[in-house]
Amino acid sequence: MLLKGERTFVVRDSGGFVVHVNMPGWLRPNPTDHGHGPLAMVVESLLDPGRQIAMHEHRNDEIISWVPDSVMRHDDRATGRLVIDRDHLMVMNAGASFWHSEETLASDPPLRMLQILIRPRATDLEPKIQYGPLPAAAANAWRHLVGPEGEDAPFYVRSAVDVFDIRLEAGAKVEFPYRQDRDLYFYVFTGSVVVGSQMFAECEQGLSLSGGRLDAEAAVLRMLVAFLLDPDAPVTRQGTIGDHRKIPSAIFIRAFLRWRKFRHMWYRLFSQRRPKGKKAM
């Protein structure tokens, strides 16, 4: 089953710092969780030049910082200053506690990136940070970025998730990463793509629940991030961001999504029946 999600309606604007929060679990017909297994949320973050996010704490979140263009400047009390860009990735295994800040310089271009929140397998693990160069990207080929700890991906999280990215040229067609015991979630960062006869535009997302193999065909040049995850993996839901206490409950979201669907149906019906206005004299 392939489920499609439109551009998220969860947006927070803090003045020069805007986040669009994508909840994978809300793609399900009757959601019971904002996340889907170990994948808590995928946040598209936009930061104006010269904007700083002051030092703050994370706990019990595994945070992947993916910056396909521009730069994000990180600082923390353990490793100091780091620069994340299209050639470098950072994974913050926050564990029991990790403090950091983020910023762009006035001379930097506007920043658009993904911050991916993964639920770890247990609470209060040892805090760590991983930073380094990314493997070279090949045209129209998936690049394996992150995997479970102890496996062969360049970076790791302490949970059952693999993360991939791709830059797909217009007209190219590729098969999504596949594993028989995993669900697939993907996010279209730029461009548009056809998956399973459905068109997914920029900032739209898809969730395939233990289905068969899927192909992605690019309508235009685009970037895509994909996740293979075990929906039944043991996780903790104590993350300061990924499972923040202010996230609406599943009951509220089910009611809201039903209301929104009814509103769209009513609007389409009303638009079709509304008589056309008279032509101007």
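**Student:** Explain the pattern of salt bridges here, please?
**Tutor:** A pair can form between side chains of opposite charge whenever their charged atoms are brought close. Enumeration over the complete set of coordinates arrives at 17 salt bridges. Of the charged contacts, one joins glutamate 62 and arginine 158 as a salt bridge, the two residues approaching to 3.1 Å between their closest N and O atoms. Of the two residues, glutamate 62 sits in strand S6 (residues 62–66) while arginine 158 sits in the loop between strand S14 (155–157) and strand S15 (161–168), which places them 96 residues apart along the sequence. Comparing glutamate 62 with arginine 158 shows no difference in burial state: the two are buried. Each of Asp33, Arg119, Arg237 and Asp243 takes part in one network of salt bridges that share partners.

**Student:** Sorry, what's going on with the sheet that holds strand S8 (residues 80–84) here?
**Tutor:** Whenever strands of a sheet pair, they do so through backbone hydrogen bonds, lying parallel or antiparallel. In spatial order, the strands read S5-S10-S7-S8; together these four strands make up an open sheet with antiparallel pairing. Each end of this open sheet is capped by a strand with a single partner; those strands are strand S5 (52–58) and S8. Here the strands of the sheet are splayed against their neighbours by 25° on average, with no regard to which way each runs. Of the pairings in the sheet, the one linking S5 to strand S10 (residues 98–103) comprises five bridges and is antiparallel in character. Of the residues in S10, the one forming a bridge with glutamate 57 is tryptophan 99.

**Student:** Just checking my understanding: could you explain the pairing of strand S20 (residues 205–208) for this structure?
**Tutor:** Each regular strand displays side chains that alternate between the two surfaces of the sheet. Taking every second residue as pointing to the same face, both faces of S20 are buried, with Gln205 and Leu207 on one and Gly206 and Ser208 on the other. As defined by bridge partners, strand S1 (residues 2–5) adjoins S20 across four bridges and the pair is classed as antiparallel. Bridge pairing in S20 links glycine 5 to glutamine 205. Inspection of the sheet shows strand S17 (residues 183–190) paired to S20 by four bridges, in the antiparallel sense.

**Student:** What should I look at first to understand the side chain of threonine 240 in this one?
**Tutor:** Secondary-structure assignment places threonine 240 in the loop between strand S22 (222–229) and helix H1 (250–273). What makes threonine 240 buried here is its relative accessible area of 17%. What threonine 240 contacts, discounting residues up to four positions off in sequence, is Glu57, His58, Arg59 and Asp61.

**Student:** How do you make sense of the pairing of S10 when you look at a structure like this?
**Tutor:** In terms of burial, S10 is largely enclosed, as five of its six residues are buried. Two elements, strand S7 (residues 72–76) and S10, share four bridges in a ladder whose sense is antiparallel. Residue pairing for S10: aspartate 75 is matched across the bridge by serine 101.

**Student:** Hey, could you run me through the nonpolar core in this one?
**Tutor:** The nonpolar side chains of a soluble globular protein tend to be buried with one another. Ile64, Leu89, Val146, Tyr185 and Phe227 are the most contacted members of the largest nonpolar core, which totals 28 residues. Sort the elements by how many residues they give to this core and S22 lands first, with four residues. Aside from chain neighbours lying at most four places away, what touches tyrosine 185 is Asn22, Pro24, Leu27, Leu39, Val42, Gln205, Gly206, Leu207, Val225, Ala226, Phe227 and Leu229. Membership of the second largest hydrophobic core comes to 25 residues, among which are Ile53, Leu82, Met92 and Leu111.

**Student:** Is there a simple way to explain the packing of aromatic side chains in this structure?
**Tutor:** Each aromatic ring pair is summarised here by two numbers: the centre-to-centre distance and the angle between the ring planes. Going through the model one piece at a time under the given rule, you end up with six aromatic pairs. Between phenylalanine 9 and tryptophan 26, the aromatic rings sit 5.9 Å apart at their centres with planes inclined by 5°, giving stacked as the arrangement. Of the two residues, phenylalanine 9 is situated in the loop between S1 and strand S2 (11–13) and tryptophan 26 in the loop between strand S3 (17–22) and strand S4 (39–47); the sequence distance between them amounts to 17 residues. One Lys or Arg, lysine 4, reaches over the ring of phenylalanine 200 and ends 5.3 Å from the middle of that ring. Arginine 77 extends its terminal NZ or CZ atom over the ring of tryptophan 99, reaching a point 4.7 Å from the ring centre.

**Student:** Looking at this structure, I do not really get the environment of arginine 51. What am I missing?
**Tutor:** Inspection of the secondary structure puts arginine 51 in the loop between S4 and S5. Sequence separation between arginine 51 and threonine 104 is 53 residues; the distance between their C-alpha atoms is 5.6 Å. Not counting chain neighbours up to four residues away, the residues in contact with arginine 51 comprise Ser14, Gly15, Gly16, Phe17, Glu102, Glu103 and Thr104. A polar atom in the side chain of arginine 51 sits 2.7 Å from the backbone oxygen of glycine 15.

**Student:** Where do I start with empty space enclosed by the protein in this structure?
**Tutor:** What the rule picks out here adds up to two cavities of 30 Å³ or more. There is about 90 Å³ of room inside the largest cavity. Considering the residues around the largest cavity, the lining is formed by 14 residues, among which Tyr178, Leu184, Ser208, Gly211 and Gly212 are closest to the centre. Its residues assigned to classes, the lining of the largest cavity shows six nonpolar, four polar and four charged. When its volume is computed, the second largest cavity comes out at roughly 60 Å³. Every residue lining the second largest cavity is listed: Phe17, Ser45, Leu47, Ile53, Met72, Glu102, Leu111, Met113 and Gln115. Residue assignment for the lining of the second largest cavity shows that the elements contributing at least two residues are S4 and strand S11 (111–118). A total of three residues in the lining of the second largest cavity trace back to one element, the largest contributor, which is S11. Each residue belonging to the lining of the second largest cavity can be placed in one class, and the counts come to six nonpolar, two polar and one charged.

Cut-off values and rules
Sequence positions are assigned chain by chain, starting from 1 and proceeding in written order. Given that this is a predicted model, residues contribute local features only at a pLDDT of at least 70 and side-chain atom pairs are listed and counted only at 80 or more, while totals for whole chains, interfaces and linings are drawn from all residues. Only hydrogens and water are set aside when side-chain values are computed; all heavy atoms of the structure are taken into account. Each salt bridge in this description consists of a side-chain nitrogen of Lys or Arg and a carboxyl oxygen of Asp or Glu lying within 4 Å of one another. Only DSSP runs of H or I with at least four residues qualify as helices, and only runs of E with at least two residues qualify as strands; both kinds are numbered from the N terminus onward. Whether a residue is buried, partly exposed or exposed follows from its accessible area with a 1.4 Å probe, protein chains only, as a fraction of its type maximum: under 20%, in between, or over 50%, in that order. A strand pair is defined by DSSP finding two or more bridges across the two strands. Helix axes use the C-alpha atoms of the stretch in contact, all axes being lines fitted to C-alpha atoms, and the angles between their N-to-C directions lie in the range 0 to 180 degrees. Pairs of residues are marked as contacts when any of their non-hydrogen atoms sit within 4.5 Å. As used here, the term nonpolar core means buried Ala, Val, Leu, Ile, Met, Phe, Trp, Tyr and Cys residues forming a set that is joined through side-chain atoms within 4.5 Å. Only Phe, Tyr and Trp rings take part, Trp by its six-membered ring, and two of them pair if their centres are within 6.5 Å. Stacked means planes under 30 degrees apart, edge-to-face means over 60, and tilted covers everything else. Two conditions define a charge sitting above a ring: the NZ of Lys or the CZ of Arg must be within 6 Å of the ring centre, and it must be within 35 degrees of the ring normal. In protein, a polar contact means a hydrogen-donor-capable atom and an acceptor-capable atom, both N or O and within 3.5 Å, with residues adjacent in sequence counting only if both atoms are side-chain atoms; elsewhere, any N or O pair within 3.5 Å suffices. The pocket and cavity definitions rest on a 1 Å grid over protein atoms only: a 1.4 Å probe that fits but cannot leave marks a cavity, an open set with protein on both sides within 12 Å along at least five of seven lines marks a pocket, and residues lining either have an atom within 4 Å of a point. Grid points are joined across faces, edges and corners, and a volume is the space filled by probe spheres set on the points. All amino acids are sorted into three groups, where Ala, Val, Leu, Ile, Met, Phe, Trp, Tyr, Cys and Pro are nonpolar, Asp, Glu, Lys and Arg are charged, and the leftover types, Gly among them, are polar.

This is a description of form; function is not addressed.
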